[in-house]
Structure formats: structure tokens, C-alpha cells
Amino acid sequence: MEVTARAPGKIILAGEHAVVHGYTAVASSIDLYTVVSLRLRSEDEDTVKLKLNDIGLDFSWSVGRIKEVLSHLGSPFSSTPTSCSLETIKSLATLVDEQSFPETKIGLASGVYAFLWLYTSILGFKPATVTVSSELPVGAGLGSSAAYCVSLSAALLALSDSVKLDVSQKGWSTFKETEAELVNKWAFEGEKIIHGRPSGVDNSVSTFGNVIKFKSGVMTRVDSNMPLKMLITNTKVGRDTKALVANVSARKSRHPDAMCSVLNAIEAISDEWSTIIQSHAVDDLYLSANEEKLGELMEMNQGLLLSIGVSHASIENVLQTSMKYKLASKLTGAGGGGCVLTLLPTHISGEVINKLVEELGSFGFQCFSAGIGGKGVQISFDHSS
Ligand SMILES: Nc1ncnc2c1ncn2[C@@H]1O[C@H](COP(=O)(O)OP(=O)(O)OP(=O)(O)O)[C@@H](O)[C@H]1O
Ligand SMILES: C[C@@](O)(CCO)CC(=O)[O-]
Ligand SMILES: [Mg+2]
């Protein structure tokens, strides 16, 4: 039996970083997916194989070796969502090191630890082949880590005893609410291994899809009534969410009062975002006025993100370029490089967009658009294998 799970990436419309400290963020899923396929192997094959197509790495562990390395920690682990201890991460690192992880890709190792933790906790020691491939740029602010953890958790749970699914269904299907919550909780545990201190907004929007508001671990669905179009520019400057989040926390402990004021201002921006996108446009004039307000909110949010230290010269370059066309932009996700959003108002001409994309392209940046606010995680069973 083979199962395939796909989980969407996301854009943060307002409130990244602030959300880590208990302030509101607004996020939306996008129609770019990470896809995980999981095939259980017969017991005599005795290996767990992981193929990470986007980063060009393959792993293969014998089940016996995994048991040997983890048994002193009390594995098989609890099959309910549990945090991975530091001691366990050290043992998982042993399993990864034995596969001669290339030094140049060492920043990607935590994703493999997250896989091993989710795998051994949810499926125990069943031999299997797991393949991951993604339409999302990895480590660029579009929630690749969350889409990875959500799609992995979904595929693993789909073939576990913790979830009872109708395997006769054909095509993509969604999870029931309680099952989706379980997927989300496991994905959060995976995100903790990759991020250190995730707020939970990324895995929640990847699991449940659409537009959400998120504060202090609590998700509220936002009924968006506005057609939103964003140009996404990938600066291709590599960055690491874990390090950026840690830097913001350090700045907060150095300047608690100033940072508190900034984070409060970001929360006010998120709240206004969610009010505006929920309102029904009565006519074109009303829609244009709301688009202008969202543009201003993006400019203010970006200014505040600069003040907490997560912008980057490449991001500022995108802002200045889009400003020449009177368009508002902000970074999305953790910043420090990665992707920038530019709001494309309904009545913008195709000619302006083409010129902007060409100019951004001349700096080596890559522009694309994505559908905003689609479904969350889905699964599909293949009965032929
Ligand atoms: N398709 C993938 N294959 C393998 N590992 C992945 C994949 N997608 C994400 N990862 C893991 O997630 C890490 C990137 O996560 P990170 O949080 O830094 O970036 P992001 O999630 O793309 O951006 P943001 O958190 O700002 O939205 C990688 O280093 C890797 O460990
Ligand atoms: C930077 C951050 O706020 C968003 C990353 O997409 C981190 C988080 O919320 O976990
Ligand atoms: Mg991430």
C-alpha cells in the first residue's frame, strides 16, 4: 500500500516574528505543495529509506540499527505527539552522521532528525520507503519546513493505527477535523526540531489551509472576501529561520520596552489586515481604497521588520524597485533574504507587472505568483502497489 500526502506552503500577510512572542499574525496557504509518498515494505526488506529529491540526498537505515541506537531512550516512543528531547536528537544525529552527511548541506540535517523522530514515533520500526519532493523553494520564507513536517506527519499517520481512514477513497481527500488536529500537533513537533521556537502558525496554515489568524497557539479561521494577488519575489539569498528567530529574541531581551512597542504595532497591523480582508467590497472604489490600505499596512509592517533586524539588502532592493512602480512590498516568513511579497492591485496593467518582473529579474531575483488561500493537507491512496 502506498499513500501520498501533499501540504501547501504559505505566505505571512502580517505579523511574522511578532507571532513567536504571542502577538497576532495573519497567514494564508498558497497552491505550491510539498509531496510525500510513503510505501511500506515487506518485513524481510528490513530498511527505512528516505529520498529527499529537492536537496539531492538519499538515506537508508536498517531497522535493526535504528532500534539499536534508540532503544536505550525507551523507544518505541509514545505514539501521541511528544517533543523530542535533546538526548534523543543526539542519537538521531548519530544515525544521520553514519550516512556521511555532506558538510556543505549540514544546515539541512535537522530536517532529517525531524523525519526520524516523526517516523519512529508514529510508525515504530516498520520498513518503508519515503520520498519527498516540493514545488516550494527550500528555506525561502514560504513555509517549506512546515509543509515538509505536515506532509510527512499526514502520510505517516495515514498508515498508522492512530488514524482510521477510508482507504478505498479515490483521488485527493482531506482529513476530518480531529485527525487534522493530530497531523498538526505532530507537524509542530517536527517544526520544533527544525526551528527551535516555532509559533505554530506555519504548520497550522499548512494543515488547515485558507486564511488564518494566529495568536498564542490559537488559530482562528478568517473568511477572506477580497481577491488578493501577490507577486512573490525570491531573492535567492539563503537564510535560516531558527537563527533569525533567535536573533529577534536576543534583541527583545536587550531592549524589552522598545521591542514590546514594535511588536504591539505589528499586532495592530495584523488585526487591521484581517478586518479589511473580511469586509465585502460594495463597489470598485471601495475595493481600491481597501487595496491602498493593505499596501500601507505592508509598508508599515516592513518598516517594523527592518527595525527588529530581519530585513536584508536584497529585500530592500525589491522594496525600492517595486516602489518605483508605486507598489507596496514586505518580506514574508522569517526574512534575512528569502521571499518578498508585492501587492498587485486589481486594476494594475499587465504591462507594469511585466516591467517590474523584468527589472527584478535583472538583479538575479526570481518572480512568480501563486494562488492564495486554497485547501490544507490532503492524502491519496494508491492501491496498485
Ligand atoms: N523539500 C524538503 N526536503 C528536505 N528538507 C526540507 C524540505 N523542505 C524543508 N526542509 C527542511 O526545512 C529547512 C528549511 O526551513 P526554514 O524554516 O529555515 O525555511 P522555510 O520554512 O522555507 O521558511 P519560513 O520558516 O520562513 O517560512 C531545511 O533546512 C530542511 O531541513
Ligand atoms: C518567523 C516566523 O514568525 C514565521 C516563519 O514563517 C516564525 C514562526 O512563527 O514560527
Ligand atoms: Mg520554516
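Residues numbered from 1 in each chain as written. Chains lettered and ligands numbered in written order. Predicted model: local features only at pLDDT ≥ 70, side-chain atom pairs only at ≥ 80, totals over all residues. Heavy atoms only, no water.

J.: Kindly report on the side chain of Ser173, identifying the contributing residues and their values.
T.: With respect to the helices, strands and loops of the structure, Ser173 is situated in strand β6 (residues 173-174). When residues no more than four places from it in sequence are discounted, the contact partners of Ser173 are Gln378 and Ile379. (Helix = DSSP H or I, 4+ residues; strand = E, 2+ residues; numbered from the N terminus. Contact = heavy atoms within 4.5 Å.)

J.: I'd love a proper account of the packing of aromatic side chains, names of residues and values included.
T.: Evaluation of the coordinates by the stated rule reveals six aromatic pairs. Where Phe115 meets Tyr119, the ring centres are 5.4 Å apart and the plane angle is 40 degrees; that geometry is what we call tilted. Linking Phe115 with Tyr119, this pair stays in helix α3 (residues 109-122), spanning four residues, or about one helical turn. Taking relative accessible area as the criterion, Tyr119 reaches 1% and is therefore assigned buried. Grouped by ring-pair contacts, the aromatic residues Phe59, Trp61, Phe101, Phe115 and Tyr119 constitute a single cluster. One Lys or Arg, Arg6, reaches over the ring of Tyr33 and ends 4.3 Å from the middle of that ring. Over the face of the ring belonging to Trp172 we find Arg6, whose NZ or CZ atom lies 4.6 Å from the ring centre. (Phe/Tyr/Trp six-rings, centres within 6.5 Å; stacked < 30°, edge-to-face > 60°. Buried < 20%, exposed > 50% of the residue type's maximum accessible area, 1.4 Å probe, protein only. Lys NZ or Arg CZ within 6 Å of the ring centre and 35° of its normal.)

J.: Requested: an account of the site of ligand 2, with residues and values cited.
T.: Residues in close proximity to ligand 2 total 14 residues, the closest being Lys10, His17, Val19, Ser199 and Asp202. One of the side-chain N or O atoms of Lys10 is found 2.6 Å from an oxygen atom in ligand 2. One of the side-chain nitrogen or oxygen atoms of Asp202 is found 2.7 Å away from an oxygen atom of ligand 2. Surface burial for ligand 2 is 98%, taken as the share of its 300 Å² of free accessible area covered by protein chains. At a threshold of 2 Å from the grid points, most atoms of ligand 2 map onto the largest pocket. Among the residues forming the shell around ligand 2, the class breakdown is seven nonpolar, four polar and three charged. (Near = heavy atom within 4 Å. Polar contact = N/O pair within 3.5 Å; in protein donor to acceptor, adjacent residues only side chain to side chain. Areas by Shrake-Rupley, 256 points an atom, 1.4 Å probe, with all protein chains shown as cover. 1 Å grid on protein atoms, 1.4 Å probe; cavity = no way out; pocket = protein on both sides within 12 Å on 5 of 7 lines; lining within 4 Å. Sits in = over half its atoms within 2 Å of the grid points. Nonpolar A, V, L, I, M, F, W, Y, C, P; charged D, E, K, R; others polar.)

J.: Tell me what's going on with helix α11 (residues 350-362), and back it up with residues and numbers.
T.: Three- or four-residue spacings in an α-helix give side chains the same orientation, since the helix completes a turn every 3.6 residues. The terminal C-alpha atoms of α11 lie 18 Å apart, and with 13 residues this matches the ideal 18 Å at 1.5 Å per residue to within 8%. Along α11, the residues classified as buried are Ile353, Leu356 and Leu360. Projected down its long axis, α11 shows its buried positions confined to an angular sector of 65 degrees, all on one face. Away from its buried face, by an angle of more than 90 degrees, α11 presents the exposed residues Glu351, Asn354, Glu358 and Ser362. Buried positions along α11 lie against β9 (230-234), α10 (313-324), β11 (339-343) and β12 (366-369). Positive phi shows up at Gly364, right after α11, with a value of about 90 degrees. (Expected span 1.5 Å × (residues − 1). Arc of directions from axis to C-beta.)

J.: With reference to specific residues and values, describe the layout of surface pockets.
T.: Approximately 770 Å³ is the volume attributed to the largest pocket. Lining the largest pocket are 42 residues, with Gly139, Ser144, Ser145, Ile194 and His195 sitting closest to its centre. Counting residues per element, the ones that place at least two in the lining of the largest pocket are β1 (2-14), α3, β5 (128-134), α4 (144-158), α5 (177-195), α6 (201-208) and α7 (241-254). Its residues assigned to classes, the lining of the largest pocket shows 16 nonpolar, 17 polar and nine charged. (Points joined across faces, edges and corners; volume = space filled by probe spheres on them.)

J.: Go over the UniProt feature "domain: GHMP kinase C-terminal" (unreviewed entry) in the chain, please, and point to the residues and values.
T.: Per the UniProt record, "domain: GHMP kinase C-terminal" (unreviewed entry) is found at residues 292-351. With 50% helix and 13% strand, the stretch residues 292-351 has end C-alpha atoms that lie 20 Å from each other. (UniProt positions renumbered as here; feature names shortened; annotations may be inferred.)

J.: I'd like a rundown of the sheet that holds β12, residues and numbers included.
T.: Ordered by their spatial adjacency, four strands build an open sheet running β10-β11-β9-β12, and the pairing between neighbours is antiparallel. Looking at strand neighbours, the two that pair on one side only are β10 (329-331) and β12, the edges of this open sheet. Going across the sheet, the axis of each strand differs from the next one's by a mean of 25 degrees, ignoring polarity. Judged from the four bridges that link them, β9 and β12 form a sheet pairing that is antiparallel. Paired with Ile232 across the strands is Phe368, a residue of β12. Here α11 sits on the sheet in contact with β9, β11 and β12, set at roughly 10 degrees to β9. (Pairing = 2+ DSSP bridges. Axes fitted to C-alpha atoms, helices over the stretch in contact; angles between N-to-C directions.)

J.: Residues and numbers for the UniProt feature "domain: GHMP kinase N-terminal" (unreviewed entry) in the chain, please.
T.: Mapped onto the present numbering, the UniProt feature "domain: GHMP kinase N-terminal" (unreviewed entry) falls at residues 118-209. Within residues 118-209, the helical portion is 51% and the strand portion 10%, while the C-alpha atoms at the span's ends are 22 Å from each other.

J.: So, the site of ligand 1: which residues are in play, and what are the values?
T.: In the vicinity of ligand 1, 25 residues are found, and the nearest of them are Lys10, Gly143, Ser144, His195 and Arg239. Gly143 is positioned with one of its backbone polar atoms (N or O) 2.8 Å from an oxygen atom of ligand 1. With respect to ligand 1, the backbone of Ser145 contributes an N or O atom lying 2.9 Å from an oxygen atom. Of all the cavities here, the one that holds ligand 1 is the largest pocket. Those elements giving two or more residues to the shell around ligand 1 turn out to be β5, α4 and α5. The leading source of residues in the shell around ligand 1 is α4, at three residues.

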